[in-house]
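The residues making up each chain are set out below.
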Amino acid sequence: MNISLFVEPVDENQSTDNQLVQYPVYGPFYGIMGVASSIVFSSIGAAYGTAVSGTAIASTGVMRPELIMKSIIPVVMAGIIAIYGLVVSVLISGKLDSAATYSVVQGYIHLAAGLSVGVCGLASGYAIGCVGEAGVRNTAQQPRLFIGIILILIFAEVLGLYGMIVAIYLYTKDI
């Protein structure tokens with residue numbers, strides 16, 4: 001009596017059923033949602049950080065125009081958040097394929113990668129906006145706060161970087 005660990009399909013219908021379970025027609029949908037959530041959420045965070053910090057720079061520039069270039073750092077840091085989402089979106093979209101060769105598990109992984117960088121970018125952009133606004137306004141009154149504000153902004157930026165690292169790690173997983 002020969003017992004095999006792998007059951008060979010006895011007919012073509014069983015083989016087709018297994019193919020549909022691993023490679024359903026909706027498999028690429030999850031990958032596409034990963035691409036979209038990556039760029040959309042990180043861009044929303046970057047836009048929020050830029051808008052909030054930018055309004056503070058504009059109002060501070062009225063009283064202290066010499067601080068405008070020094071105060072632009074939060075806007076640049078918020079823009080970098082969108083770049084993280086763009087990188088992950090391009091990576092994921094490079095692996096998208098037809099439903100016949102793109103498994104649903106790959107779709108789930110790519111969705112998780114996109115959400116990882118997107119939501120971390122959203123949180124990071126929000127933090128950069130809040131810290132940037134307060135930092136720009138208060139640095140105009142007390143210039144010694146500048147270094148401390150920059151350190152806090154770096155910690156807020158790193159949240160987005162963590163999301164990108166996790167997204168790239170997930171992207172490289174082959175399950």
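Given the structure is predicted, the values throughout are model-derived calculations rather than measurements.

Asks: Please provide a residue-by-residue account of the overall build of the chain, values included.
Replies: Scanning the chain for helices and strands turns up five helices and zero strands. When the helices and strands of the chain are read in sequence order from the N terminus, they spell out α-α-α-α-α. Relative to its 175 residues, the chain shows a buried fraction of 37%. Of the contacts made within the chain by residues no fewer than 6 positions apart, 86% connect residues no fewer than 24 positions apart.

Asks: Please set out helix 3 (residues 73-95) residue by residue, giving values where relevant.
Replies: Taking 1.5 Å as the rise per residue, helix 3 with 23 residues should run 33 Å; its terminal C-alpha atoms sit 35 Å apart, in good agreement. Buried residues of helix 3: Pro74, Met77, Ala78, Ile81, Ala82, Tyr84, Gly85, Val88, Ser89 and Ile92, and no others. Residues of helix 3 that are buried in the fold lie against helix 2 (27-63), helix 4 (104-141) and helix 5 (146-172).

Asks: Explain the UniProt feature "transmembrane region" (unreviewed entry) in the chain residue by residue, including any values.
Replies: In the numbering used here, UniProt assigns the feature "transmembrane region" (unreviewed entry) to residues 29-51, 72-92, 112-133 and 145-171. A helix fraction of 95% and a strand fraction of 0% characterise residues 72-92, whose end C-alpha atoms lie 32 Å from each other. Along residues 145-171, the helical share is 96% and the strand share 0%, with 40 Å between the first and last C-alpha atoms.

Asks: Explain the packing of helix 3 against helix 5 residue by residue, including any values.
Replies: The N-to-C vectors of helix 3 and helix 5 enclose an angle of 5°; their axes lie 10 Å apart at closest approach. Looking at the two axes, helix 3 sits roughly parallel to helix 5. Contact residues: helix 3 offers Ile73, Pro74, Met77, Ala78, Ile80, Ile81, Tyr84, Val87, Val88, Leu91, Ile92 and Lys95, while helix 5 offers Phe146, Ile150, Leu153, Ile154, Glu157, Gly160, Leu161, Met164, Ala167, Ile168 and Tyr171.

What counts, and where the lines are drawn
- Residues numbered from 1 in each chain as written.
- Predicted model: local features only at pLDDT ≥ 70, side-chain atom pairs only at ≥ 80, totals over all residues.
- Heavy atoms only, no water.
- Helix = DSSP H or I, 4+ residues; strand = E, 2+ residues; numbered from the N terminus.
- Buried < 20%, exposed > 50% of the residue type's maximum accessible area, 1.4 Å probe, protein only.
- Contact = heavy atoms within 4.5 Å.
- Expected span 1.5 Å × (residues − 1).
- UniProt positions renumbered as here; feature names shortened; annotations may be inferred.
- Axes fitted to C-alpha atoms, helices over the stretch in contact; angles between N-to-C directions.
- Parallel < 35°, antiparallel > 145°, perpendicular 65-115°, else oblique.

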